[in-house]
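Below, each chain spelled out in residue letters.
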Amino acid sequence: MKGNIDVSAHRRAVEFADGVYWVGALDPTLRNFDIILTTANGTTYNSYLVKGSEGVAVIDTVKENFSDEFFARLESEVDYSDIKVIVLNHLEPDHSGALPELMRRAPQAQLYISQRATSMLKALLHAEEGLQYTTVKTGDSVSLGDRTLSFLHTPFLHWPDTQCTFVEEEGVLFSGDVFGCHYCDKRLFNDLVGDFRFSFDYYYAHIMRPFKKHVMDALKLIEPLQLRQIAPTHGPILRERPRRYVTHYRELSTSSLSRGIGDDDQSMIIFYMSSYGNTARMAEAISEGGSTVEGVRVSLYDLQGGETDPFVDLIEEADALLVGSPTINGDAVKPGWDLLSSLAVVNLKGKLGAAFGSFGWSGEAVRMIEDRMRGLKMHIPRQGVRVKLIPTEEELEECRSFGREIAEVLVGKSQTKEVIDFADLV
Amino acid sequence: MAKAKITFEDIEQTVNVPAGTRVIEVSEKIGAGIIYGCREGDCGTCMMHVTEGWNNLTEPSVLEEKVLKENMAGRHDRLACQAQIIGDCKVKPA
């Protein structure tokens, strides 16, 4: 079904399934999205209409300053008085920007959002009183007569509020940001646009990667659907072989690194930076201690000997992350911060974290690294080891014990301790 | 001052605390596995499951109730950054 489609040449709705229309907007000049993403040819804000025998539904809106294009396309197909349902699959401002004006123009329409979206809706609209909405979850549906919208609860893709909406009669999945990408092409459909594979994977790597577990949960709901088309909120509509993208998501959400170790082994990764070899000596002692615990595989890296991205991949697969840094001018050193500020793209929640380091006179680095790890929602089971300048044999033994204790926590061998008093805690 | 015992089941550690202490104040110091986000009762990250002594924590506030509901909390789930210990209890990460 090739054709000369150019949605930039008009402001009309584009029908792509029976009674299902694209009414979105093109943003070809955008070069940066949400600070964290570059967008080499812009993006699209995809909004959709579903016309049923008993009313019309609008699925998602657009960024506020693209409202004119959205409303023009919408008006080309329906009257505001026909709109019975508004669904917001995701409340980020690039999809909810035109919502207040749409609700003003179609005051009779009922808004459907996920339970988790309610507090966000209030914070975005600042209309605590009189705000009418219905919360929905998997299994809920709303009828438009001969078209039915079914909802899938797919949280954390990539906000807590996200959900998908499926039109069973047409096999169209409105997937929100899932299966989306920042790629602007006036030809709109995946079989007509340019090569967007890089954009698709890049979007996944920056937006969905921290939520791999939630992607897998969502795929369990999506894979059984009789899919004919996927209509995401950014980038091409996936009408040709949509299931390929579902399969690709499963591949992307599966470990990219083959660890080469048994499933039962726990991976403990130690990174260090060292100016005079003291923190390095501590790292080696911690590694020795960790290696004595059966079921734990310890890896030791000088952070300055590698690049950040592969280390991030490694950390994503690790069970424990230990970072050693000297204290220079009252701070941990920059390669450490570069690594620790690059971890927002992976999920570290609940993984073990620990810090250590040699220092000259004040030794702030260790506590600062621990605080950053707590900020990354890591679990810090032991307070880090600090050594003034050159470690003594006794201090290296303390490092060995530290490594062993962290490894024991990893394999669940940590011993039950006596009741301790709150006043004795540091 | 009245004392109470809180046990963190994931690390099998019991701590004697002054009544009124918030769970967050204890759990991070001893390295228990409860994870924190905003630390002010809004994000729901620090949801924990109370396995014993449910009534020995202060009643959840209206705000906490709302956040628990939004996060689809179970019957004995609480926010560790909000709940104060007033008697013996056992908790673990939700």
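Residues numbered from 1 in each chain as written. Chains lettered and ligands numbered in written order. Predicted model: local features only at pLDDT ≥ 70, side-chain atom pairs only at ≥ 80, totals over all residues. Heavy atoms only, no water.

**Comments concerning the packing of helix α6 (residues 212–222) of chain A against helix α7 (residues 243–252) of chain A**
All names here are of chain A.
Next up, step 1: For the pair α6 and α7, interaxial distance at closest approach is 10 Å and the crossing angle is 150°. Taken together, α6 and α7 sit at an angle that is classed as roughly antiparallel. Read as a crossing pair, α6 and α7 show a hand that is left-handed. Along the contact surface, α6 presents Lys212, Val215, Met216, Leu219 and Ile222, while α7 presents Val246, Tyr249, Arg250 and Leu252.
Next up, step 2: Broken down by class, the residue content of the contact of α6 with α7 amounts to 7 nonpolar, no polar and 2 charged. (Axes fitted to C-alpha atoms, helices over the stretch in contact; angles between N-to-C directions. Helix = DSSP H or I, 4+ residues; strand = E, 2+ residues; numbered from the N terminus. Parallel < 35°, antiparallel > 145°, perpendicular 65-115°, else oblique. Left-handed = near helix turned anticlockwise from the far one by under 90°. Contact = heavy atoms within 4.5 Å. Nonpolar A, V, L, I, M, F, W, Y, C, P; charged D, E, K, R; others polar.)

**Overview of the packing of helix α5 (residues 197–208) of chain A against α7(A)**
Residue and element names in this part refer to chain A.
Next up, step 1: Two numbers describe how α5 lies on α7: the axes approach to 12 Å, and their chain directions differ by 50°. In terms of axis orientation, α5 runs oblique to α7. For the pair α5 and α7, the crossing hand works out as right-handed. Within the contact between the two elements, α5 uses Phe200, Asp201, Tyr204 and Met208 and α7 uses Tyr245, His248, Tyr249 and Leu252.
Next up, step 2: Its residues placed into classes, the contact of α5 with α7 shows 6 nonpolar, 1 polar and 1 charged.

**Some details on the layout of surface pockets**
Next up, step 1: As a volume, the second largest pocket reaches approximately 730 Å³.
Next up, step 2: Along its surface, the second largest pocket is lined by 30 residues, and A:Pro381, A:Arg382, B:Lys29, B:Ile30 and B:Gly31 are the ones closest to its centre.
Next up, step 3: Those elements that provide at least two residues to the lining of the second largest pocket are α11 (365–375) and α12 (393–410) of chain A together with α1 (23–30) of chain B.
Next up, step 4: Residues of the lining of the second largest pocket, tallied by class, amount to 11 nonpolar, 8 polar and 11 charged. (1 Å grid on protein atoms, 1.4 Å probe; cavity = no way out; pocket = protein on both sides within 12 Å on 5 of 7 lines; lining within 4 Å. Points joined across faces, edges and corners; volume = space filled by probe spheres on them.)

**Some thoughts on empty space enclosed by the protein**
Next up, step 1: All told, the structure shown has 1 cavity of 30 Å³ or more when counted by the stated rule.
Next up, step 2: In this structure, the largest cavity occupies an estimated 90 Å³ of space.
Next up, step 3: Forming the boundary of the largest cavity are A:Arg374, A:Lys377, A:Met378, A:His379, A:Ile380, B:Glu28, B:Gly31, B:Ala32, B:Ile34, B:Ile35, B:Tyr36 and B:Arg39.
Next up, step 4: Among the residues making up the lining of the largest cavity, the classes are represented as 6 nonpolar, 2 polar and 4 charged.

**Details of the side chain of A:Arg73**
Residue and element names in this part refer to chain A.
Next up, step 1: Structurally, Arg73 is set in helix α1 (residues 67–75).
Next up, step 2: Polar contacts involving the side chain of Arg73 include one to the side chain of Glu69, which spans 2.7 Å.
Next up, step 3: Here Arg73 is in contact with Val7, His10, Arg11, Arg12, Ala13, Trp22, Val23 and Gly24, once residues within four sequence places are set aside. (Polar contact = N/O pair within 3.5 Å; in protein donor to acceptor, adjacent residues only side chain to side chain.)

**Topic: the domain arrangement of chain A**
All names here are of chain A.
Next up, step 1: Per the domain assignment, the segments of chain A are domain 1 (7–252) and domain 2 (266–410).
Next up, step 2: Each of domain 1 and domain 2 has a C-alpha centre, and the two are 42 Å apart.
Next up, step 3: Facing 4 residues of domain 1, the contacting portion of domain 2 comprises 7 residues.
Next up, step 4: Between domain 1 and domain 2 lies a buried interface of about 470 Å² when both sides are counted; carbon and sulfur atoms form 38% of it.
Next up, step 5: On the domain 1 side of the interface with domain 2, the three residues burying the most area are Arg209, Pro210 and Lys212, jointly 86% of the side's total. (Domains from an automatic or database assignment. Buried area = accessible area lost by both parts, 1.4 Å probe.)

**Looking at the pattern of salt bridges**
All names here are of chain A.
Next up, step 1: For the structure on display, the rule yields 30 salt bridges over all chains.
Next up, step 2: A salt bridge links Glu170 to Arg228, with the nearest nitrogen and oxygen atoms 3.9 Å apart. One end of the pair, Glu170, is in the loop between β14 (163–167) and β15 (172–176); the other, Arg228, is in the loop between α6 and β16 (229–232), with 58 residues separating them in the sequence.
Next up, step 3: Since its relative accessible area comes to 45%, Arg228 is described here as partly exposed.
Next up, step 4: With a closest N to O distance of 2.8 Å, Asp191 and Arg239 form a salt bridge. With Asp191 in the loop between β15 and α5 and Arg239 in the loop between β16 and α7, this residue pair connects regions lying 48 residues apart in the sequence.
Next up, step 5: Asp191 sits in the buried class, given a relative accessible area of 12%.
Next up, step 6: Connected via shared salt-bridge partners are Asp18, Arg147, Glu170 and Arg228. (Salt bridge = Lys/Arg side-chain N within 4 Å of Asp/Glu carboxyl O. Buried < 20%, exposed > 50% of the residue type's maximum accessible area, 1.4 Å probe, protein only.)

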